Amino acid sequence: MTPADRILELRRLIRHHEERYYVLDDPEIADVEFDALLRELADLEAAHPELVDPDSPTQRVGGRPAEGFATAKHLAPMLSLDNTYDEGELREFDQRVRRALGIAAEAGTPVGYVAELKIDGLSIALTYEQGRLRRAVTRGDGVQGEDVTQNARVIQAIPLVLRDSPPEAAMEVRGEIYLPRAAFTRMNDEREAREEPVFANPRNAAAGAIRTLDHGAVAKRGLRAFTYQIVAPADATPAAATHHETLALLASWGCPVERHWRVCDGIDAVIAYCEEWREARHSLPFDTDGVVIKLDDLAARDTVGHTAKFPRWAVAFKFPAEQATTRLIKIDVNVGRTGRVTPFAWLEPVHLSGTTVQLATLHNEQEVKRRDVRDGDLVIVEKGGEIIPKIVKPVIRDGEPRNPPWQMPTTCKFCGSTLVKPDDEVDWRCENVSCPARIRRGLLHFASRRAMNIEGLGESLVDQLVSKALVHDYADLYALTVDQLAELERMGKKSAANLVAELDASRHLELWRLLHGIGIRHVGERGAQALAAAFHSMARLRAATVEQMQSVPDVGTVVAASVRSFLDEPRNQTLVDRLAAAGVRMEDEHVEGAETPKPLAGQTFVITGTLDQLTREAAEERIAALGGKVSGSVSKKTRWIVVGRDPGSKIEKARAVGTPELDEAAFLKLIMTDQ
Ligand code: IVH
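Residues numbered from 1 in each chain as written. Predicted model: local features only at pLDDT ≥ 70, side-chain atom pairs only at ≥ 80, totals over all residues. Heavy atoms only, no water.

### What to know about the pairing of strand 20 (residues 638-643)
Next up, step 1: Burial of strand 20 is extensive: 6 of the 6 residues sit out of reach of the surface.
Next up, step 2: In this sheet, strand 20 lies alongside strand 18 (residues 604-608) in parallel orientation, the contact comprising 5 bridges. Each bridged residue has a counterpart across the sheet, and for Thr 608 the counterpart in strand 20 is Val 643.
Next up, step 3: Relative to strand 21 (residues 661-663), strand 20 runs parallel, the two sharing 3 bridges. Looking across to strand 21, one finds that Ile 641 is bridged to Glu 661.
Next up, step 4: Handedness of the strand 20-helix 24 (residues 650-657)-strand 21 crossover: right-handed. (Buried < 20%, exposed > 50% of the residue type's maximum accessible area, 1.4 Å probe, protein only. Helix = DSSP H or I, 4+ residues; strand = E, 2+ residues; numbered from the N terminus. Pairing = 2+ DSSP bridges. Right-handed = clockwise from strand over helix to strand, strands pointing away.)

### Regarding the site of the ligand
Next up, step 1: All residues adjacent to the ligand are Ser 80, Leu 81, Glu 116, Leu 117, Lys 118, Ile 119, Ser 123, Glu 176, Tyr 228, Val 292, Lys 294 and Pro 311.
Next up, step 2: Between the ligand and the protein, one listed contact pairs an oxygen atom with a side-chain N or O atom of Ser 123 at 3.1 Å.
Next up, step 3: Calculation on the ligand without its partners gives an accessible area of 520 Å², and the protein chains cover 89% of this total.
Next up, step 4: With respect to the detected pockets, the ligand is housed in the second largest pocket.
Next up, step 5: Counting only elements with at least two residues in the shell around the ligand, the list comes to strand 3 (112-119) and strand 10 (288-295).
Next up, step 6: Among the elements that take part in the shell around the ligand, strand 3 stands out by supplying 4 residues, more than any other.
Next up, step 7: Residue composition of the shell around the ligand, by class: 6 nonpolar, 2 polar and 4 charged. (Near = heavy atom within 4 Å. Polar contact = N/O pair within 3.5 Å; in protein donor to acceptor, adjacent residues only side chain to side chain. Areas by Shrake-Rupley, 256 points an atom, 1.4 Å probe, with all protein chains shown as cover. 1 Å grid on protein atoms, 1.4 Å probe; cavity = no way out; pocket = protein on both sides within 12 Å on 5 of 7 lines; lining within 4 Å. Sits in = over half its atoms within 2 Å of the grid points. Nonpolar A, V, L, I, M, F, W, Y, C, P; charged D, E, K, R; others polar.)

### Concerning empty space enclosed by the protein
Next up, step 1: Throughout the structure, instances matching the rule amount to 2 cavities of 30 Å³ or more.
Next up, step 2: Counted as a void, the largest cavity has a volume near 80 Å³.
Next up, step 3: If you go around the largest cavity, the residues you meet are Glu 116, Leu 117, Ile 119, Phe 226, Thr 227, Tyr 228, Leu 247, Val 257, Glu 258, His 260 and Trp 261.
Next up, step 4: Of all the secondary-structure elements, those providing two or more residues to the lining of the largest cavity are strand 3 and strand 8 (224-231).
Next up, step 5: In this structure, the second largest cavity spans a volume of roughly 60 Å³.
Next up, step 6: Surrounding the second largest cavity, Asp 35, Leu 38, Arg 39, Ser 633, Val 634, Ser 649, Lys 650 and Lys 653 form its lining. (Points joined across faces, edges and corners; volume = space filled by probe spheres on them.)

### Structural notes on the nonpolar core
Next up, step 1: Grouped together as the largest cluster of nonpolar side chains are 70 residues, with contacts concentrated most on Leu 477 and Leu 579.
Next up, step 2: The leading source of residues in this core is helix 18 (residues 525-535), at 7 residues.
Next up, step 3: For Leu 477, the residues in contact, after removing those within four places along its chain, are Leu 443, Phe 446, Leu 457, Leu 465, Val 471 and Leu 503.
Next up, step 4: Counting residues in hydrophobic clusters, the runner-up holds 42 residues, among them Leu 133, Met 171, Phe 184 and Leu 223. (Core = buried A, V, L, I, M, F, W, Y, C linked by side-chain atoms within 4.5 Å. Contact = heavy atoms within 4.5 Å.)

### Some remarks on the sheet that holds strand 10
Next up, step 1: Strand order in the open sheet made by the 5 strands is 2-11-10-3-9, with mixed pairing throughout. Of all the strands in the sheet, just strand 2 (83-84) and strand 9 (262-265) have a single pairing partner and so form its edges.
Next up, step 2: Strand contacts of helix 8 (residues 243-252): strand 3, strand 9 and strand 10, with the helix running at about 50° to strand 3, the strand carrying the most contacts. (Axes fitted to C-alpha atoms, helices over the stretch in contact; angles between N-to-C directions.)

### Description of the layout of surface pockets
Next up, step 1: The volume enclosed by the second largest pocket comes to roughly 1400 Å³.
Next up, step 2: What lines the second largest pocket is a set of 46 residues, and nearest its centre among them are Leu 79, Arg 174, Tyr 228, Gln 229 and Trp 313.

### So, the packing of aromatic side chains
Next up, step 1: One pass over the structure, following the stated rule, counts 10 aromatic pairs.
Next up, step 2: Looking at Arg 301, its charged tip hangs above the ring of Trp 313, at a distance of 4.0 Å from the centre.
Next up, step 3: In this structure, Arg 639 packs its charged tip against the face of Trp 640, placed 4.1 Å from the ring centre. (Phe/Tyr/Trp six-rings, centres within 6.5 Å; stacked < 30°, edge-to-face > 60°. Lys NZ or Arg CZ within 6 Å of the ring centre and 35° of its normal.)

### A word on the pairing of strand 13 (residues 340-352)
Next up, step 1: In this sheet, strand 13 lies alongside strand 12 (residues 323-335) in antiparallel orientation, the contact comprising 7 bridges. Bridge pairing in strand 13 places Lys 330 opposite Trp 346.
Next up, step 2: In sequence, strand 12 turns back onto strand 13 through a hairpin of 4 residues, with Gly 339 there showing a positive phi of about 95°.
Next up, step 3: Pairing of strand 13 with strand 17 (residues 428-429) involves 2 bridges; the strand directions are antiparallel. Paired with Arg 340 across the two strands is Arg 429, which belongs to strand 17.

### A closer look at the environment of Val 291
Next up, step 1: With respect to the secondary-structure elements, Val 291 resides in strand 10.
Next up, step 2: Using a relative accessible area of 0% as the deciding quantity, one classes Val 291 as buried.
Next up, step 3: Separated by 172 residues in sequence, Val 291 and Ile 119 place their C-alpha atoms 8.4 Å apart.

### Quick word on the pattern of salt bridges
Next up, step 1: Under the defined criterion, the tally for this structure stands at 45 salt bridges.
Next up, step 2: One salt bridge in this structure joins Asp 53 and Arg 132, with 2.8 Å as the shortest N-O distance. In this pair, Asp 53 sits in the loop between helix 2 (31-47) and strand 1 (71-73) while Arg 132 sits in strand 5 (residues 132-138), placing the two residues 79 residues apart along the sequence.
Next up, step 3: In this structure, Asp 588 and Arg 585 form a salt bridge, with 3.3 Å as the shortest nitrogen-oxygen distance.
Next up, step 4: Among the ionic contacts, a cluster of salt bridges with common partners joins Asp 53, Asp 55, Arg 132, Arg 134 and Arg 153. (Salt bridge = Lys/Arg side-chain N within 4 Å of Asp/Glu carboxyl O.)

Right, here's the structure in full:
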């Protein structure tokens, strides 16, 4: 087989496996095998530059960086959908369609519809020409939207090249870009750790992601897509006479199609579908806010027509909002591990989409004021994508007396310290590091899975340890004895011994876990990993300047300043010293005593693209000399991917699994600081 043939074969194979993985959620091969295919293709393309194709799967990332967004016009206006909220309105829709098609209301002939889930994302129009993705444009005002092609190209669910003989002429494939719930939770957790504002729902997060200018960042977000419509010029309409054939056609080209659509013979079947999904939707991995009902026969759609805003041949059925009305007993506040004060509401228990709700979050002082909720109000609570419900608004009845507006307390209810709020921040804080509430939350974080991983140290135990004054800070944990623990409620000798063993094991973990667990403001898991990888020991970190910290990839000004001020605080220095005295490991392997320091021990690097300052071999030698390993392909074990000029396909995999990236300058800093 000639290289040209093999390249074509590899592209086909890779696209096939991307589709199995990202579109069908049903991979056929292991990640390593997929990597090997990509690697082979990248190598072949590198050896035969004349055969490189901009739409090759190796080219998803790369290209020029997005610079703002140009506007682009849609082939035909992107209409919105009219909404219906109950069975009656659905039947009226059916009546209107029947009238337009000249089918008597009383006649038994049912109209053929397709019912689909309504994806709670944002609409996108993908232009394909000769089967190749040429443009991706947001809905915008319906006539023109923003050209987000560069960002759409990194979403692996979106094919760069369609398979199975798609039309040659330019056509738009329309659909929805969305963020699966799991990716949304992960993203918000990370933002929370960095004390950045969290997104209210996956839709907002997806909208934010698709419009960011850093398309490397887009790749990490985990956006997905579904397609549901083909818009083609009249003379080049693809071979589909019905909507269900359209969906089959899209799927045959490798486009992602949400698989729960159903052909419904008449409106009764549509109503049954809506009824079924009202509850079942909670088990989906993404958010859906309703059902879209579409006339199946495409020719009939033209007869039925559209208004300026909506097609008359389709309608959305919105699931009833998951809301309930209840009495707000009292607004209270919580204090988090960093001292942030968050108001929340105690509610009279109310049943809301499958659970009984007694608490609702109120986010911050401004939020309470904006919604003007007060103690004793009747309030509407709603469950969005999140687990903790929120208060939509108070129900105010004329003449009914209300309590005065809520006031943020001036002192911490847990420790009595005066609460403070820096002018440029929205949150009030308790600044007392010994506040029992902060200690409680801090201990839970310290023990959490992505920090010191101390299994068994849960809420009830932490509450007892703090209220019985057995533990005042993390270091105290390591002095706990089996006898002391066995005395506590719901603890026996056995669980006490288990916990002591867990604590013991946690003494020997990697440095990043301690840096993450110890609760330095703005230092999340990634920041902690970056710091540990660069400094390898608490002593070296303590000695580092803000500038040195800032030069570490993934560590910005805010993080560096926060780490410095944490380590400069005498209380924290004592805490770190006590942890060290308790035997908690303060450095990563081989830093001290060894003849040559091996600061990169246990770290695997992958290099992609060309490095300007040193040869591949020199880079590999240097990594090896520092105790690190170099691998040819990205896996979950890869610690860093070094990205040179014209990176190859490895970067796609790295971005898919969230491997931290180093550009050449950052890589040099890392290997040079370690000399
Ligand atoms: S069809 C002219 N099907 O909902 C018909 N839309 O509220 C165009 N949406 O702008 C839309 N899932 O962004 C259709 N299965 C689905 C959908 C869907 C979500 C969005 C779409 C549209 C909005 C209208």
